[in-house]
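# Structural characterization, general
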Amino acid sequence: MKQYAYYPGCSLESLATSYNLSTLEVAQKLGVDLKEIKDWNCCGATAYFPVDELLAHTLVARNLALAEKDGLSDFVAPCSACYKNAYFTNSYLKKDADLAEHINYALEADGLHVNGTMKIRHLIEVFIEDVGLDEIEKKITHPLKGLRVAPYYGCQLLRPRKDHENVENPQFFENLLSALGAESLDYPSKTRCCGGSLIVTNRKAALDMVQILLQDAVNRKADVIATTCPMCNVNLEVYQNQVNREFGTQYSIPVMYFTQLMGVALGIKPGKLGIGKELVSGEPVLAFAY
Amino acid sequence: MDTELSFNDEIANVMYATHGNPIKDCLQCGTCSGTCPAVEFMDHTPRVIIGLIRAGYKDEVLASNTFWSCASCYHCSVRCPAGIDIADMMYALKRYSMWKGQHQEGLIGPVFSESFVKMIVNSGRSFEPLLAPTYIFKNGPQGLVQEAQTATGLMLKGRMPLLPKKIKGLKKFQNMVRRIIPIGEPS
Amino acid sequence: MTNNTFEPTIIGFTCNWCSYRAADLAGTSRMKYAPNVRLIRMMCSGRLDPTFVLRALSGGADGVMITGCHPGECHYIEQNYKALRRFLLLRRVLTGLGIEPERVKLVWASAAEGARFASETTMFVEEIRKLGPLNWGKSSDQSTDNWSPITDNSPKEALA
Amino acid sequence: MSEKIGVYVCHCGTNIAGTVDVKGVAEWAAEHLKHRGVVIGREYKFMCSSLGQELVEKDIKELGLTRVIVAACSPHLHEKTFRTACKNAGLNPYLCEMVSIREQVSWVHTDKVAATEKSKAAISGGVERVIHNEPLEPIQVPIHADTLVVGGGIAGIQAALEIADAGYHVCLVEREPSIGGHMAQFDKTFPTLDCAACILTPKMVEIGSHPNITLLTWSEVEKVDGYVGNFKATIRKKASYVNTDTCTGCGICWEKCPKKVVDDVYEAGLGIRKAIYRPFAQAVPKYPVMDVENCTYFKNGKCKACQLFCPTEPNSINFEQKDEILEIQAGNIILATGYDLFDAKRIPQYGYGKLPNVFTSLEFERMCNAAGPTEGRVVLRDMKTAPKSVVIVHCVGSRDENYNKYCSSICCMQSLKFAHLVMERTGAEVYNCYIDIRTPSKDYEEFYKRVLEEGGHFIRGKVAEVTDSARLPEEEGKLIVQVEDTLIGKQRRIPVDMVILSAGIEPRHDAKEVGKLFGIACGASGWYTEKHPKLDPVATMTEGIYIAGCVQGPKDIPASVAQGAAAAARVLGKIQQGVIALEPIKASINETQCSGCRICNGLCPFNAIAFIEDDKVSSINPALCQGCGTCVAACPAGAISGTGFSDQQIIAQIDGLLLKNLEEPVAA
Amino acid sequence: MTTKPKFTMYWAASCGGCEIAVLNTHEKILDVDANFDVVFWPVAMDAKYKDVEAMEDGSILLTLFNGGIRNDENEHIAKLLRQKSKILVSFGSCACEGCIPGLANLSPVDEIVHTAFNTITTDNPNEIYPQTTYDVSEGELHIPKLFPILRPLDQVVDVDYYMPGCPPESHQIAAVIDLVIKVVKGEAELPPKGATIGVGDSTVCDECPRARNVKLIKEFTRIQDIAPVDPTLCILEQGIPCNGPATRSGCNARCPQAGAQCIGCYGPAEGVMDYGARLMTAFASVIDANTPEEIDHILDGIPDPTGQVYRFNLAGSLLKANREAWKRIDKRTQGE
Ligand SMILES: Cc1cc2nc3c(=O)[nH]c(=O)nc-3n(C[C@H](O)[C@H](O)[C@H](O)COP(=O)(O)OP(=O)(O)OC[C@H]3O[C@@H](n4cnc5c(N)ncnc54)[C@H](O)[C@@H]3O)c2cc1C
Ligand SMILES: Cc1cc2nc3c(=O)[nH]c(=O)nc-3n(C[C@H](O)[C@H](O)[C@H](O)COP(=O)(O)OP(=O)(O)OC[C@H]3O[C@@H](n4cnc5c(N)ncnc54)[C@H](O)[C@@H]3O)c2cc1C
Ligand code: SF4
Ligand code: SF4
Ligand code: SF4
Ligand code: SF4
Ligand code: SF4
Ligand code: SF4
Ligand code: SF4
Ligand code: SF4
């Protein structure tokens with residue numbers, strides 16, 4: 001069985017514990033062997049590039065170096081921002097010998113060396129490409145019949161795909177949801193940014209961005225918004241009440257990780273998937289499966 | 001020979017991995033601005049910022065909140081017909097303004113970035129509760145109340161750990177960081 | 001080795017349609033570049049016979065610069081790809097002979113890229129300057145009389 | 001025989017003499033290259049002047065020079081000049097070589113000493129090379145008087161008519177059932193708004209009836225053999241299942257045909273046709289063709305309605321018809337295969353294919369056409385509602401690193417035309433969103449002005465996206481165009497009923513393969529490469545193959561017509577000459593040395609190399625060989641040699657450049 | 001007896017295979033004896049260098065010289081035999097182009113000695129190396145001194161004819177001997193000086209019976225890595241680097257006929273300046289790829305490209321030796 005170097009990232013240890021739980025459950029069910037990278041560090045998210053570019057790349061490179069040391073070929077991140085960071089740093093490492101030299105000089109102090117040989121994957125990619133939709137479909141016990149899902153890709157997941165995929169109107173998430181038996185909606189803002197870290201630094205702007213996403217989902221009569229990233233999830237879910245206060249709206253739309261939806265469809269107990277930890281209850285979604 | 005760098009070149013110089021980005025190729029077409037989800041909150045649109053950089057309006061650029069309002073969503077970069085990585089340039093402007101210590105008053109972005117960096121250097125991981133106080137007060141008393149409510153809600157759901165995590169090889173990690181930025185000698 | 005005074009001698013091969021015209025354009029635009037490259041005009045980079053490179057290197061050149069139209073823009077449709085294939089194999093063989101593969105360089109330059117031609121030339125000259133003289137011409141002095149045989153077969157000293 | 005070589009070093013005023021010690025170089029050559037055969041080394045102020053040329057001529061006659069070296073500007077400038085001078089003095093022109101010490105020395109170097117040394121080396125290289133030059137004679141090839149024109153758009157039509165009117169025979173091959181190309185799809189043409197059919201139809205009819213033109217529609221060229229003056233093309237005439245000897249084009253068959261098909265070609269997907277069809281009423285020729293992919297009979301073995309109702313005697317429908325393979329001879333070929341429209345689906349954020357009321361330019365053209373699917377009414381996808389507001393998006397897929405980098409050059413004008421037509425036919429508000437308005441031709445700017453006066457809105461900004469996701473009440477049910485109005489610095493969301501995408505134009509999807517068939521190359525953007533972008537825009541690198549119209553690059557109808565005529569003029573010139581002299585720079589194979597390994601066989605892009613099975617050796621057709629030398633460099637047996645750029649010449653030049661000839665006399 | 005023209009054959013740096021090939025001409029060897037006075041042939045008869053030195057210049061009619069020039073003894077005899085012979089034939093690949101001994105030019109001489117006398121397989125605990133002079137009770141002993149690189153014969157002395165092959169085919173040798181005998185009898189004329197004799201005028205492919213087409217190679221492999229090799233189709237076309245296209249004909253395509261690729265022992269075709277260059281261009285020409293990555297990937301299938309294209313011809317090539325080997329010479333001539 002193929003082993004993957006698993007990089008959960010900081011959010012999955014705190015705000016997004018349910019993402020971590022559901023990821024591990026689903027992976028196990030589908031026979032995907034995720035081996036957590038030992039002693040990984042924060043990838044710097046979006047907050048590090050404003051300070052020092054080289055340091056930002058080095059932080060990412062350290063995780064890559066740790067993974068390379070394990071002799072695995074695929075680096076898997078469930079967080080889209082971590083994924084994007086890893087992807088870009090990795091590709092620069094390959095292209096730019098000078099940058100690689102600088103980074104390796106720093107890594108040397110930590111007894112590490114990076115080559116840029118890892119294949120950087122997002123979790124959803126591993127499930128769709130390596131496991132395969134047919135395989136997933138076979139294992140489904142509780143199809144999400146009639147569940148109207150807004151597939152929210154967010155922005156960071158798509159950026160590295162500019163080279164090989166339609167980044168403005170991708171379809172892979174929709175295909176996955178269909179495989180789960182759900183009805184995936186034509187969600188116009190599926191690739192629009194959720195505001196990301198602006199939620200900290202420019203609350204007003206971020207809430208505005210979140211509001212558009214929520215409104216579009218409501219317009220399409222979505223039962224749930226499915227996400228692929230802890231940042232998106234937190235912005236859309238945790239801050240719904242603040243959006244309501246700001247805009248005088250009444251949104252109460254569940255937001256779930258795609259792994260949670262997969263877990264439900266695969267018949268894993270909701271509690272094991274971290275369902276119940278939301279501020280906007282995910283209960284209504286379960287009704288479709290059971 | 002004129003040895004002074006143009007503002008355009010200065011900015012290009014802080015874009016290392018993308019080799020300065022072809023910001024000179026900008027057509028001023030406005031695709032970036034039309035695309036940007038945060039544009040309403042910027043005092044200058046991304047296109048105008050590029051125009052200002054090229055025209056050498058350094059002070060105007062540094063006084064602008066544009067790059068601190070950028071969410072780094074890279075949507076503009078994907079669409080730009082001139083192949084400019086605008087999002088990367090926004091990062092560069094952030095770096096430049098931090099480096100020069102010159103940015104608009106009252107912005108949370110610079111404070112946030114700095115405290116985030118400190119936190120990572122100190123622990124190797126990020127940790128929300130530790131981070132919060134540095135910026136909450138900036139949102140005013142109302143912001144504090146809202147934040148507290150949200151935080152309590154999360155805590156009750158087990159989504160807010162009480163203690164920060166640290167990585168194990170922290171000493172060596174910090175030595176690594178030291179090779180790039182000065183963070184003081186090991187204690 | 002100090003090479004402050006070392007002026008490399010480089011043979012450059014150009015194609016009639018693109019790179020030679022690029023060199024012409026560099027001239028008409030009065031761009032300045034290092035004078036160390038001496039050019040030979042061929043109809044196409046596809047004409048490049050590895051023999052030419054070997055002859056140049058064995059005859060005293062310190063480097064060889066091969067230039068042609070960009071891939072996909074060859075005036076003979078696709079012959080520059082053939083040059084590329086030979087070049088890549090030639091570099092491997094040269095490496096086997098202990099010659100730094102960097103001494104042979106392949107540059108694509110269109111007729112409009114005078115500036116590129118000039119800067120690539122200067123860059124190459126600097127790269128070769130860094131590598132130092134190749135000195136093949138002198139070593140391969142054929143007059144056998146000045147050849148001294150190895151007098152002591154003990155490698156201990158020779159390897160020291 | 002030892003050669004007598006004259007070396008001439010030019011001052012070019014101060015152009016060369018300013019940086020190179022010209023006198024020193026000339027003297028050096030005379031002295032140090034004496035043992036190599038240099039008998040005279042001269043310097044002169046302007047070698048290309050008539051006095052300079054006379055100098056060379058005089059020396060040839062008086063000193064009996066057998067080789068000449070002129071060290072001056074680039075050979076691309078004056079090689080011809082000095083070779084002609086040699087010829088005038090009775091020396092074979094190919095025994096003269098130029099050495100560039102201006103473009104490659106004096107103009108690019110500043111150090112006088114280094115520049116002088118480099119000049120010496122260059123001359124030394126030239127001298128060694130010229131020793132090995134051989135006298136060459138141009139190859140004379142007779143020109144077949146027929147011409148093959150491929151592609152029956154306006155460019156091909158124009159070219160064919162010019163040549164046919166001059167009294168020579170033309171074979172016009174068109175892939176579709178009718179000639180006319182893209183122009184036949186339009187209603188009005190900018191800037192004068194002539195009716196396209198009115199100006200195009202007479203020309204099409206003329207083609208159909210011209211005694212000097214053989215028209216082969218529904219046909220494609222499959223193979224081209226031979227060379228300039230003597231091409232042989234193999235053409236597949238696809239079965240149309242209609243006997244054109246008896247068919248009168250009455251139209252009963254397609255009226256009765258039960259099978260409707262969406263017409264992706266002529267109607268741009270907006271209209272339908274039948275399985276047996278004539279693309280449009282004015283089609284030339286007038287006969288229908290049967291589309292077997294869609295014909296019910298070919299699919300299910302039942303129907304034959306067309307045959308049943310065909311009124312001619314004998315019946316014109318023939319289900320047994322087979323493709324025909326024709327071979328034609330031609331002296332010259334003109335390629336005028338035009339362009340494809342950029343596929344707007346490649347830019348998903350503009351919503352084409354997803355949002356129904358987003359249209360492409362060609363769809364819009366068809367909509368405006370009185371004979372089109374809406375009979376000229378401008379309406380939404382429901383085919384009835386007229387739009388009240390329309391955005392026209394410029395530069396769709398053009399001027400964009402993500403798609404095509406070039407400007408498609410026609411879409412600005414075409415968008416202005418659209419704006420005019422929308423206003424004229426619906427009175428709707430029209431917004432043109434553009435990066436730059438480019439109207440660089442006669443009466444084009446005036447047309448822009450006219451549209452401005454008519455009340456068209458212009459927004460300078462590239463459209464970021466088109467969406468149906470409403471945020472405001474007035475946006476409900478509309479298409480919202482998101483764009484920055486860069487002139488006033490405002491973000492705009494324009495709610496409209498209809499969006500027209502001015503999709504750019506692209507090389508034909510099969511341009512590369514078709515080019516290969518004819519032995520010509522595509523540039524980086526995919527358009528065929530002309531011999532010279534300014535001075536020889538309709539000729540190609542392959543002698544005898546010309547290009548005209550949009551195959552060469554984006555352009556409008558007037559420019560396409562001009563190129564069609566220009567290509568025709570070039571061909572007529574060739575035909576008039578009767579024979580053509582080819583550059584004698586060619587490769588040839590020594591049969592004794594050739595082992596028949598066939599390594600060279602795949603290398604020639606002009607198919608000049610053939611393998612002779614009987615003798616088990618390869619051989620090169622000199623008329624096809626363009627002299628690139630690739631095979632010469634490739635033959636492992638050393639069996640291929642090239643004139644003008646032989647191994648000996650190049651090796652000698654290398655040695656000369658390295659000044660090896662100074663120290664040890666190279667064995668002659 | 002004494003009126004018979006004199007014949008000599010000598011081996012310098014070579015394996016001895018050439019001598020065997022001459023003996024392999026079977027009864028032809030008797031013709032040699034019948035028509036020539038064999039005065040010097042160390043492998044076949046006892047003779048002293050002094051005897052040769054005593055001969056008159058030009059008194060030997062025919063010398064077949066095989067082996068490259070690796071040490072000062074080789075050089076001495078080469079010059080001696082040149083001086084004494086009317087016709088000096090560079091015999092076999094070693095003499096013509098360096099052959100396998102010439103591959104040692106890829107290493108400096110001290111490394112060669114080291115490898116020969118002090119590797120794992122050599123039992124030499126005291127690290128004893130041969131010395132050029134050695135004192136014994138009978139006096140001073142000399143062994144020949146090695147040159148820094150091996151040179152083919154014609155880089156040392158003037159050569160009249162070349163007969164390549166590792167070894168030359170016996171039927172070709174027989175033909176050449178016949179020719180010389182005819183010349184001696186006045187029945188034939190010698191070919192022009194400098195000619196390569198006993199060979200064909202094309203390359204091995206010319207004599208190879210295998211079918212061939214336009215070649216497009218997506219992958220190179222070694223012959224042991226593919227099974228089975230199509231016995232009728234050109235080996236190169238099957239992705240195995242065959243040196244046949246660049247190698248002079250004359251061997252009757254022995255190797256390809258026997259199912260193996262040509263390794264190139266007959267050297268370059270007529271007029272070719274650098275054999276390796278011809279092979280490089282041959283292999284590069286059949287590669288069916290346009291991007292550097294793809295091409296490099298295909299080239300990875302030739303693990304030792306230098307050895308592949310210069311197996312027999314390194315010493316006779318334009319560059320002649322590895323740079324390291326040359327560098328040692330530089331040091332030496334600079335008096336280090
Ligand atoms: C929407 C739109 C509107 C326009 N409006 C105007 C206007 O108002 N005024 C104006 O001046 N210009 C206009 N143009 C530009 C105009 O269409 C072109 O300049 C003109 O059509 C070019 O003609 P052509 O003969 O080069 O190519 P085409 O018209 O493309 O003709 C090429 C012909 O070759 C045939 N062909 C292709 N491949 C083969 C093959 N392998 N073998 C045989 N036949 C083949 C095709 O079927 C076609 O008939 C417009 C363009 C567009 C896209
Ligand atoms: C400043 C400038 C820069 C340009 N740069 C470029 C460029 O970089 N690239 C490019 O492609 N184009 C360029 N152009 C455009 C270019 O100059 C024209 O396209 C081109 O010169 C037109 O050539 P022509 O033969 O039509 O006309 P002209 O060059 O004007 O030649 C007309 C000739 O006719 C002669 N003449 C006039 N009247 C009579 C008469 N009654 N009897 C006899 N002889 C007569 C004139 O003396 C003249 O010699 C440039 C134009 C300008 C103004
Ligand atoms: S999208 Fe690109 S070209 Fe257009 S204005 Fe923005 S940066 Fe400039
Ligand atoms: S990356 Fe920044 S500037 Fe670009 S679209 Fe996103 S938020 Fe706007
Ligand atoms: S020949 Fe060339 S270099 Fe000499 S004067 Fe004429 S243009 Fe100038
Ligand atoms: S046989 Fe085919 S073409 Fe004829 S009427 Fe029927 S469907 Fe139409
Ligand atoms: S013609 Fe106008 S619309 Fe078309 S690509 Fe050029 S600038 Fe854009
Ligand atoms: S490469 Fe040379 S030997 Fe081989 S077939 Fe061609 S010409 Fe003959
Ligand atoms: S020289 Fe070039 S064009 Fe001529 S036959 Fe050889 S490969 Fe073909
Ligand atoms: S390449 Fe080898 S196998 Fe192929 S024909 Fe030539 S000798 Fe025979």
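It should be noted that the structure appears before, not after, this text.
Residues numbered from 1 in each chain as written. Chains lettered and ligands numbered in written order. Predicted model: local features only at pLDDT ≥ 70, side-chain atom pairs only at ≥ 80, totals over all residues. Heavy atoms only, no water.

## Remarks on unusual backbone geometry
Residue and element names in this part refer to chain D. That bond from Phe190 to Pro191 is cis: its omega, -10 degrees, falls within 30 degrees of zero. Within the fold, Pro191 resides in the loop between β8 (188–189) and β9 (194–195). Of note, the bond from Val284 into Pro285 is cis; its omega dihedral lies within 30 degrees of zero at 0 degrees. Within the element layout of this structure, Pro285 appears in the loop between β15 (276–277) and β16 (289–290). The residue Lys616 is not glycine, and still its phi comes out positive at about 55 degrees. (Helix = DSSP H or I, 4+ residues; strand = E, 2+ residues; numbered from the N terminus.)

## Focus on the site of ligand 5
Contacts to ligand 5 come from Cys10, Cys12, Ile16, Phe46, Cys48, Ala72, Cys73, His78, Phe82 and Arg102 of chain D. Class assignment of the residues belonging to the shell around ligand 5 gives a composition of eight nonpolar, one polar and one charged. (Near = heavy atom within 4 Å. Nonpolar A, V, L, I, M, F, W, Y, C, P; charged D, E, K, R; others polar.)

## Notes on the site of ligand 7
Residues in contact with ligand 7, as listed here, are His394, Cys395, Ser398, Arg399, Cys407, Ser408, Ser409, Ile410, Cys411, Cys412, Asp436 and Arg438 of chain D. Looking at the shell around ligand 7, the elements with two or more residues in it are β21 (389–396) and α12 (411–426) of chain D.

## Description of the interface of chain B and chain A
Counting from both sides, the interface comprises 61 residues of chain B and, opposite them, 68 residues of chain A. On the chain B side of the interface with chain A, the three residues burying the most area are Tyr16, Arg159 and Arg179 of chain B, jointly 14% of the side's total. Glu168 of chain A is paired through a salt bridge with Arg79 of chain B; the nearest N and O atoms lie 2.6 Å apart. The tally of links from chain B across to chain A stands at 14 residue pairs in polar contact (both at pLDDT 80 or more). (Contact = heavy atoms within 4.5 Å. Buried area = accessible area lost by both parts, 1.4 Å probe. Salt bridge = Lys/Arg side-chain N within 4 Å of Asp/Glu carboxyl O. Polar contact = N/O pair within 3.5 Å; in protein donor to acceptor, adjacent residues only side chain to side chain.)

## Let's talk about the pattern of salt bridges
Counted under the stated rule, the structure contains 88 salt bridges over all chains. Here Arg278 of chain E makes a salt bridge to Asp49 of chain C, at a shortest N to O gap of 2.9 Å. Pair noted here: Arg278 of chain E is in helix α11 (residues 275–286) and Asp49 of chain C is in the loop between β2 (37–42) and α2 (50–58), and the two residues belong to different chains. Among the charged side chains, a network of salt bridges with common partners joins Lys2, Asp74, Arg121, Glu129 and Asp130 of chain A.

## Observations concerning the packing of α2 of chain C against helix α3 (residues 79–96) of chain C
Residues and elements named next belong to chain C. Interaxial distance between α2 and α3 falls to 10 Å at its minimum, and their mutual angle equals 40 degrees. Comparing their axes, α3 and α2 come out oblique. Handedness of the α2/α3 crossing: right-handed. Along the contact surface, α2 presents Pro50, Val53, Leu54 and Leu57, while α3 presents Arg86, Leu90 and Leu94. Taken together, the residues of the contact of α2 with α3 break down into six nonpolar, no polar and one charged. (Axes fitted to C-alpha atoms, helices over the stretch in contact; angles between N-to-C directions. Parallel < 35°, antiparallel > 145°, perpendicular 65-115°, else oblique. Left-handed = near helix turned anticlockwise from the far one by under 90°.)

## Examining the side chain of Arg598 of chain D
Along the chain, Arg598 of chain D falls in the loop between β31 (587–589) and β32 (609–612). Looking at Arg598 of chain D, its side chain comes within polar contact range of the side chain of Asn601 of chain D, at 2.7 Å. Among the polar contacts listed, one links the side chain of Arg598 of chain D to the backbone oxygen of Arg212 of chain E, at a separation of 3.3 Å. Leave out the neighbours within four places in its chain, and Arg598 of chain D touches Phe611 and Glu613 of chain D together with Arg212, Asn213, Val214 and Lys215 of chain E.

## Thoughts on the environment of Pro284 of chain A
Residue and element names in this part refer to chain A. With respect to the helices, strands and loops of the structure, Pro284 is situated in helix α13 (residues 283–289). In this structure Pro284 comes out as partly exposed when scored by relative accessible area, which is 46%. Measuring from C-alpha to C-alpha, the distance between Pro284 and Glu101 comes to 53 Å, with 183 residues separating the pair along the chain. (Buried < 20%, exposed > 50% of the residue type's maximum accessible area, 1.4 Å probe, protein only.)

## Brief notes about the state of the cysteines
Residues and elements named next belong to chain D. Per the counting criterion, the structure on display carries one disulfide over all chains. There is a disulfide in this structure between Cys195 and Cys198, and the S-S distance comes to 2.4 Å. Where Cys195 bonds to Cys198 through sulfur, the torsion about that S-S bond is close to 90 degrees, and the disulfide is right-handed. Its relative accessible area of 24% is what places Cys195 among the partly exposed residues. Relative accessible area serves as the criterion here: at 51%, Cys198 is assigned to the exposed category. (Disulfide = S-S within 2.5 Å.)

## Examining the sheet that holds β2 of chain C
Residue and element names in this part refer to chain C. The parallel open sheet is built from four strands, whose spatial order is β2-β1-β3-β4. Where the open sheet ends on each side, the last strands, each with one partner, are β2 and β4 (104–108). Strand-to-strand twist of the sheet, defined as the mean angle between neighbouring strand axes without regard to direction, takes the value 20 degrees. Here strand β1 (residues 10–15) runs beside β2; their pairing, made up of six bridges, is parallel. If you follow Gly12 over to β2, its bridge partner there is Leu39. (Pairing = 2+ DSSP bridges.)

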